[in-house]
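Observations on the model geometry
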There are 2 protein chains.
Amino acid sequence: MADLDLIEGVGLLAAALTTYSFLPQVYKTWKTKDVSAFSLTTFTLFFVGIVCWLIYGIYKESLSMILANSITMASSFVILLLIIKYRKP
Amino acid sequence: MADLDLIEGVGLLAAALTTYSFLPQVYKTWKTKDVSAFSLTTFTLFFVGIVCWLIYGIYKESLSMILANSITMASSFVILLLIIKYRKP
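Residues numbered from 1 in each chain as written. Chains lettered and ligands numbered in written order. Predicted model: local features only at pLDDT ≥ 70, side-chain atom pairs only at ≥ 80, totals over all residues. Heavy atoms only, no water.

Some remarks on the overall build of chain A
Our working rule: Starting at the N terminus, helices and strands are each numbered in turn, a helix being any DSSP run of H or I of at least four residues and a strand any DSSP run of E of at least two. What the globule rule says is 2.2 Å times the number of residues to the power 0.38, and the radius of gyration is computed from C-alpha atoms. We call two residues in contact when some of their heavy atoms are within 4.5 Å.
In terms of helices and strands, chain A carries four helices and zero strands. Going residue by residue from the N terminus, the α and β elements of chain A occur as α-α-α-α. Relative to its length of 89 residues, chain A is extended, with a C-alpha radius of gyration of 15 Å against a globular reference of 12 Å. With respect to the three principal axes, the spread of C-alpha positions in chain A is 55 × 25 × 15 Å. Of all intrachain contacts in chain A linking residues separated by at least 6 positions in sequence, the fraction that spans at least 24 positions is 69%.

In structure tokens form, the structure reads like this:
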């Protein structure tokens, strides 16, 4: 049981880190409008992937997946919009 | 069963998309060495988060989680190294 608690703690830490991690990028990109270095392909595929994870989480009735992927979907959507708005053709 | 297959298909698509998505960014950053727009905090936290997901996947004996997070760990590690190497202090 102690092992299970520890490993579930690692899982929750993983979810918290990968979900929270995009927020500093959203803030920086929002402020600087510097998007030249970003791959549009990467952020498009990542956003679609997160939408799929969210759909999967909803069907699996997993609150953790729904919460984590909703936040990541929102932050990656903002980054994607900023890339599309500020990139040079 | 058809519903289960469909939703597992969405889950596999999600895993494939979020795993593959970082490769165009690795390629672009490797070529251009342009890292000014990246948040070092974001990529550090994301990398640590993916390492935690990998540990979680190993304990859960989930081949999908191990495969997907190994690839994402490698690609996010390369991006992180490039950011540290080429960023201006």
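Let's talk about the interface of chain A and chain B
Definition in use: In what follows, salt bridge is the name for a side-chain nitrogen of Lys or Arg lying within 4 Å of a carboxyl oxygen of Asp or Glu. Nitrogen and oxygen atoms within 3.5 Å of one another constitute a polar contact, given that in protein one can donate a hydrogen and the other can accept it, and given that sequence-neighbouring residues count only through two side-chain atoms.
Contacts between the two partners involve 34 residues from chain A, matched on the other side by 34 residues from chain B. Applying the counting criterion to the chain A and chain B interface returns two salt bridges. The closest approach of N and O atoms between Glu 8 of chain B and Lys 60 of chain A, which form a salt bridge, is 2.9 Å. At the boundary of chain A and chain B, one finds 20 residue pairs in polar contact (both at pLDDT 80 or more).

Considering the layout of surface pockets
Our working definition: Put plainly, a pocket is an open set of points on a 1 Å grid over the protein atoms alone with protein on both sides within 12 Å along at least five of seven lines, a cavity is a set where a 1.4 Å probe fits but cannot get out, and a lining residue has an atom within 4 Å of a point. Grid points are joined across faces, edges and corners, and a volume is the space filled by probe spheres set on the points. Gly falls in the polar group here, along with every residue not listed as nonpolar (Ala, Val, Leu, Ile, Met, Phe, Trp, Tyr, Cys, Pro) or charged (Asp, Glu, Lys, Arg).
Of the voids in this model, the largest pocket is the one considered here, and its volume is about 970 Å³. Those elements that provide at least two residues to the lining of the largest pocket are helix H1 (2–20), helix H3 (40–59) and helix H4 (63–86) of chain A together with helix H1 (2–20), helix H3 (40–59) and helix H4 (63–86) of chain B. Of the residues that constitute the lining of the largest pocket, the class distribution is 18 nonpolar, 14 polar and two charged.

Quick look at empty space enclosed by the protein
One pass over the full model with this rule turns up one cavity of 30 Å³ or more. Counted as a void, the largest cavity has a volume near 40 Å³. What lines the largest cavity is Phe 22, Thr 42, Phe 43 and Phe 46 of chain A together with Phe 22 and Phe 43 of chain B. Here the lining of the largest cavity is composed, by residue class, of five nonpolar, one polar and no charged.

Details of the relation of the copies chain A and chain B
Our working definition: The atoms used to superpose the copies are C-alpha atoms, taken from residues with pLDDT of at least 70 in both, and the fit is least squares.
Under the fitted operation, chain A is carried onto chain B by 0.0 Å of movement along the axis and a turn of 180 degrees, and the coordinates agree to an RMSD of 0.0 Å. Taken together, the rotation and translation describe the operation of a two-fold axis. Minimal C-alpha distance to the rotation axis in chain A is attained by Ala 37 of chain A, lying at 3.0 Å. Same-surface contact between copies: 100% of interface residues of chain A are shared with the interface of chain B.

Let's talk about the packing of H3 of chain A against helix H2 (residues 22–32) of chain B
Here is the rule: For helices, the fitted line uses only the C-alpha atoms of the stretch in contact; every axis is such a line through C-alpha atoms, and the angle between N-to-C directions lies from 0 to 180 degrees. Any angle between 65 and 115 degrees counts as roughly perpendicular, while under 35 counts as roughly parallel, over 145 as roughly antiparallel, and the rest as oblique. In a left-handed crossing the near helix is turned counterclockwise from the far helix by less than a right angle, and in a right-handed crossing that turn is clockwise.
Between H3 of chain A and H2 of chain B, the shortest axis-to-axis distance is 7 Å and the interhelical angle comes to 165 degrees. As judged from the angle between their axes, H3 of chain A and H2 of chain B are roughly antiparallel. Considering how the two elements wind past one another, H3 of chain A and H2 of chain B form a crossing that is left-handed. Here H3 of chain A contributes Thr 41, Thr 42, Phe 43 and Phe 46 of chain A to the contact with H2 of chain B, which in turn contributes Phe 22, Pro 24 and Gln 25 of chain B. Looking at side-chain class alone, the contact of H3 of chain A with H2 of chain B contains four nonpolar, three polar and no charged residues.

Topic: the nonpolar core
Stated formally: Joining through side-chain atoms within 4.5 Å is the link that ties buried Ala, Val, Leu, Ile, Met, Phe, Trp, Tyr and Cys residues into a set, and such a set is a nonpolar core. Three exposure classes are used, based on accessible area relative to the maximum for each residue type with a 1.4 Å probe and protein chains only: buried under 20%, partly exposed in between, and exposed over 50%.
Grouped together as the largest cluster of nonpolar side chains are 24 residues, with contacts concentrated most on Phe 38 of chain A together with Phe 38 of chain B. Of all elements in the fold, only helix H2 (22–32), H3 and H4 of chain A together with H2, H3 and H4 of chain B reach the threshold of two or more residues within this core. If near-sequence neighbours (up to four positions away) are discounted, Phe 38 of chain B is found in contact with Gln 25, Lys 28, Ala 37 and Phe 38 of chain A together with Gln 25, Thr 29, Phe 43 and Ile 83 of chain B.

Section: the side chain of Thr 29 of chain B
Residue and element names in this part refer to chain B. Position of Thr 29 relative to the elements: it lies in helix H2. Looking at Thr 29, the relative accessible area reads 0%, which means it is buried. A distance of 2.8 Å separates a polar side-chain atom of Thr 29 from the backbone oxygen of Gln 25.

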